[in-house]
Amino acid sequence: MLQIRWHSRAGQGAVTGAKALADVMARTGKYVQAYSVYGAEKRGAPMTAYDKIDDKPILDHSKWMTPDYVLVIDPSLVFQEEIVDNTKDDTVFIVTTHMNKEDLLNIAKHLNGKKVYIVDAIKISQEEIGRAIPNTPMLGAFMKISQIIPFEDFLVSIEDILSKFPQKIIDGNIRAIKRAYEEVK
């Protein structure tokens, strides 16, 4: 089972991103779960969202996991050591940051020795969508790193998922996804 944990602040789209990823993967015939954990916090409070993806039915509905991927979509949360809780030696971290990887690892020492990729999903979302909602750029970065499905197949599915929005929003999100796919390092 592939397990993904999202670290975000309420209002940044992690729940929507987790659900969109689950929707895309369900369209490929996979079994999926997407859920979040947060209390009565208001916009801006730290929260987590989760995806589970498997070839067989997923019977475990708990939030506990040892993630294969940790997606940190709020730059400030990378400095909280909780992002490495319950991870494996080969867990991959994709972090939203404007910093280069060396500077990030000098500050966030708990990520030293981990597989870390960086992308400035906040900047990309502001420039392409017009708002700091970094969930779709993070999905683009995740697609590049994970290679879970062909990128073109992902784009077709995500465009269909976004079809309830005005064309301007769809176009901005697709540009953001493509840009993050290219810019993640």
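Values in this document were obtained by computation on a predicted structure and should not be read as measured data.

Student: What exactly am I supposed to notice about the sheet that holds strand β6 (residues 115-119) here?
Tutor: Strands in a sheet are paired, the pairing made by backbone hydrogen bonds, and the direction either parallel or antiparallel. As summarised here, the arrangement of the six strands in space is β2-β3-β1-β4-β5-β6, forming an open sheet in which the pairing is mixed. Only two strands of the sheet have a single neighbouring strand rather than two, namely β2 (31-37) and β6. Each strand axis lies, on average, 15° off the axis of its neighbour in the sheet, ignoring direction. Note: strand β1 (residues 2-9) against strand β3 (residues 46-54), eight bridges, orientation antiparallel. In the strand pairing of β3, Q3 is matched with K52.

Student: Can you help me understand the environment of P75 in this one?
Tutor: With respect to the element layout, P75 can be found in the loop between β4 (69-72) and β5 (92-96). Taking the C-alpha atoms as reference points, P75 and S8, separated by 67 residues in sequence, lie 8.7 Å from one another. For P75, the contacting residues outside a window of four places in its chain are T96 and I122.

Student: When you look at the packing of helix α1 (residues 14-26) against helix α4 (residues 135-146) in this model, what are you seeing that I'm missing?
Tutor: How two helices pack is summed up by the angle between their axes together with the distance between the axes. Direction vectors running N to C along α1 and α4 enclose 45°, while the axes themselves pass 9 Å from each other. Accordingly, the angle class assigned to the pair α1 and α4 is oblique. Viewed along their axes, α1 and α4 form a crossing whose handedness is right-handed. Two secondary-structure elements touch here, α1 through A14, T16, G17, A20 and L21 and α4 through N135, L139, F142 and M143. Considered class by class, the residues forming the contact of α1 with α4 number six nonpolar, three polar and no charged.

Student: Looking at this structure, I do not really get α4. What am I missing?
Tutor: The periodicity of an α-helix, 3.6 residues per turn, causes residues three or four places apart in sequence to face the same way. Over its twelve residues, α4 runs 16 Å from end to end, which matches the ideal 16 Å to within 8%, given 1.5 Å per residue. Where burial is concerned, most of α4 is hidden: eleven out of the twelve residues are buried. All buried positions along α4 are accounted for by N135, T136, P137, M138, L139, G140, A141, F142, M143, I145 and S146.

Student: Sorry if this is basic, but what is going on with the pattern of salt bridges here?
Tutor: In a structure, side chains of opposite charge can pair up when their charged atoms sit close to one another. Enumeration according to the criterion identifies eleven salt bridges in this entry. A salt bridge links K88 to D68; the nearest nitrogen and oxygen atoms lie 2.4 Å apart. Highlighted residues: K88 in the loop between β4 and β5 and D68 in the loop between β3 and β4, separated in sequence by 20 residues. Across the pair E127 and R179 runs a salt bridge whose closest N-O atoms are separated by 2.7 Å. With E127 in helix α3 (residues 121-128) and R179 in helix α6 (residues 167-183), this pair connects stretches of sequence that are 52 residues apart. Taken together, the salt bridges that share partners define one network made up of E127, E128, R175, R179 and E183.

Conventions and cut-offs
- Residues numbered from 1 in each chain as written.
- Predicted model: local features only at pLDDT ≥ 70, side-chain atom pairs only at ≥ 80, totals over all residues.
- Heavy atoms only, no water.
- Pairing = 2+ DSSP bridges.
- Helix = DSSP H or I, 4+ residues; strand = E, 2+ residues; numbered from the N terminus.
- Axes fitted to C-alpha atoms, helices over the stretch in contact; angles between N-to-C directions.
- Contact = heavy atoms within 4.5 Å.
- Parallel < 35°, antiparallel > 145°, perpendicular 65-115°, else oblique.
- Left-handed = near helix turned anticlockwise from the far one by under 90°.
- Nonpolar A, V, L, I, M, F, W, Y, C, P; charged D, E, K, R; others polar.
- Expected span 1.5 Å × (residues − 1).
- Buried < 20%, exposed > 50% of the residue type's maximum accessible area, 1.4 Å probe, protein only.
- Salt bridge = Lys/Arg side-chain N within 4 Å of Asp/Glu carboxyl O.

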